[in-house]
Amino acid sequence: MQPVDAERRLQAWLAQATGRSGIRPGPVLAGGNSNVTRLIETNEGRLVLRQPPVNVISDKAAAGIEREYRVISALKDIAPVPQAVAWCSDPEVIGQPFAVTEWVEGVALTERLPEGWPDTDETVNRLGLTMVEGLARVHAVDWQDVLPADFARPDGFVQRQIERWLKVRAAERVRDLPLLEEIGAWLLANQPASSRASVIHCDFHLDNCLVAPDRPELRVILDWEMATLGDPLVDLGLCLFFWQRDPAGVIGFPFVQGLTNRPGVLPARTLAEHWSAVTSLGHKHIDYYVVFAAWRLAAIVEGAWVLQTQGKVDTPYSRGLERDVPALLAEAAHILEKGKVR
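Each residue is numbered by its place in its chain's sequence as written, counting from 1. In keeping with the model being predicted, local features are shown solely for residues with a pLDDT of at least 70 and side-chain atom pairs are shown and tallied solely at 80 or more, while totals for entire chains, interfaces and linings include all residues. To get the side-chain values, all heavy atoms of the structure are used, and hydrogens and water are removed first.

A.B. asks: What exactly am I supposed to notice about the packing of aromatic side chains here?
C.D. replies: One pair of aromatic rings is described through two measures. These are the centre distance and the angle between the planes. Two rings from Phe, Tyr or Trp (for Trp, the six-membered ring) form a pair when their centres are within 6.5 Å of each other. A pair whose planes differ by under 30 degrees is stacked, one over 60 is edge-to-face, and the rest are tilted. By the definition in use, this model includes seven aromatic pairs. Each ring, one from Tyr-288 and one from Tyr-289, has its centre 5.3 Å from the other, and the planes form 75°; the classification is edge-to-face. Take Tyr-288: its relative accessible area is 5%, and that puts it in the buried class. In textbook terms, an aromatic cluster arises when at least three aromatic residues are bridged by ring pairs, as seen for Trp-186, Tyr-288 and Tyr-289. Look at NZ for Lys and CZ for Arg. If either is within 6 Å of the ring centre and within 35 degrees of the ring normal, a charge sits over the ring. When the ring centre of Trp-103 is taken as origin, the NZ or CZ atom of Arg-46, which lies over that ring, is 5.0 Å away. Only protein chains enter the accessibility calculation, which uses a 1.4 Å probe; a residue is then buried when its area is under 20% of its type maximum, exposed when over 50%, and partly exposed in between.

This is how it looks when you write it as structure tokens:
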């Protein structure tokens, strides 16, 4: 498929599907490891196109984009998500299925605050509060009101994940990670009763959000391709794991939500309390879910290290996993030893 031909087909398809004119495909936007995000200019305003990586054609990759589109369509106007515009299941247009959403004016944050913002604990605290407030709006939605019954299994997500990743890592083992097995066994033996099933993002942290360009206010939550149904503490646990870590320590993925690693910011438990106040849901077992979040992340990304050792990938990200995976597991073990999150 020639790029020029694909671009013409895309312009024609978008014109018909959206009713917009002057369609001009723009550059690929930064951010996101698993899918491609591309700017689309039109006379009526900007759009965003999301597709699987170029030259990747698989049912799994397409399913993630479709799942993302289904979720943001369902959460439209009731949670902070991009506004869904159009879905294309026809791979003949650009080579893969793709989704189109409205452009949102905002900034993605990682290790630093935007230039001109007050570099204070108060600014970071406001980011933390707006982050969990947005997440609370997602979790407050009754999924049965907005999604079909066959979208996902609402019960047993945590147990299925633990069993799945223990099995995968045992089958693809390339190095000794005793904490992976030890913490996995602990998680299976100490599962708390789930409070309720909600729509969950499954990769929620500040880096997957857009905030207002001029103030610490959440605009939208991005990257919904892993969304499913499960205990909402799964999401809360991951973003709290990345909150207020010790930057002087050996930590995995130090860049993720890195700007929140400040000793003077609100304790993670205060954010959990704020989430509970907004949702009216309890967070009694949040310690378990913080450990689960760190363990699950380590178990998943170890797959990229396996590919690195096999010579199938070689990137700064995959090379860094030699250190990052053991560091994530060590952090999870440390939380277990203390018996509580920060």
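Still more ground to cover, so stick around.
A.B. asks: Before we go on, may I ask you to explain unusual backbone geometry in this structure?
C.D. replies: Located in the positive-phi region is Asp-223, a residue other than glycine, with phi close to 60°. The class of Asp-223 is buried, set by a relative accessible area of 16%. Despite not being glycine, Phe-253 shows a phi value in the positive range, around 50°. Relative to the elements of secondary structure, Phe-253 occurs in the loop between helix 7 (233–241) and helix 8 (268–279). For Phe-253, a relative accessible area of 5% gives the class buried. Think of it this way: any DSSP run of H or I at least four residues long counts as a helix, any run of E at least two long counts as a strand, and we number them from the N terminus.

A.B. asks: Hey, could you run me through the pairing of strand 5 (residues 98–102) in this one?
C.D. replies: Consecutive side chains of a regular strand alternate in pointing toward one face of the sheet and then the other. Across the five residues of strand 5, four count as buried, placing the element largely inside the fold. We treat two strands as partners when DSSP finds at least two bridges between them. Relative to strand 5, strand 3 (residues 47–51) is paired through four bridges, and the arrangement is antiparallel. Paired with Leu-49 across the bridge in strand 5 is Val-100. As paired elements, strand 4 (residues 84–88) and strand 5 share four bridges and run antiparallel to each other. For Trp-87, the partnering residue across the bridge sits in strand 5 and is Ala-99.

A.B. asks: Help me understand the pattern of salt bridges in this model?
C.D. replies: Here, a salt bridge means any Lys or Arg side-chain nitrogen found within 4 Å of an Asp or Glu carboxyl oxygen. Evaluation of the coordinates by the stated rule reveals 18 salt bridges. The partner of Glu-68 in a salt bridge is Arg-50, with the nearest N and O atoms 2.8 Å apart. With Glu-68 in helix 2 (residues 59–74) and Arg-50 in strand 3, the pair connects residues that are 18 residues apart, well separated along the chain. Notably, a salt bridge pairs Arg-173 with Asp-176, separated by 2.4 Å at the nearest N-O pair.

A.B. asks: Teacher, can you tell me more about helix 3 (residues 121–139) here?
C.D. replies: For an α-helix the count is 3.6 residues per turn, leaving residues at separations of three or four pointing the same way. Here the expected span of a helix is defined as 1.5 Å times the quantity of residues minus one. With 19 residues, helix 3 should reach 27 Å at 1.5 Å per residue; the first-to-last C-alpha distance of 27 Å fits that figure. Burial within helix 3 is extensive, with 14 of its 19 residues counted as buried.

A.B. asks: When you look at the state of the cysteines in this model, what are you seeing that I'm missing?
C.D. replies: Cysteine sulfur atoms are paired as a disulfide whenever they fall within 2.5 Å. Applying the stated criterion to the full structure yields zero disulfides. We note that Cys-209 lacks a disulfide partner, and the nearest cysteine sulfur, in Cys-239, lies 8.6 Å from it. The class of Cys-209 is buried, set by a relative accessible area of 1%.

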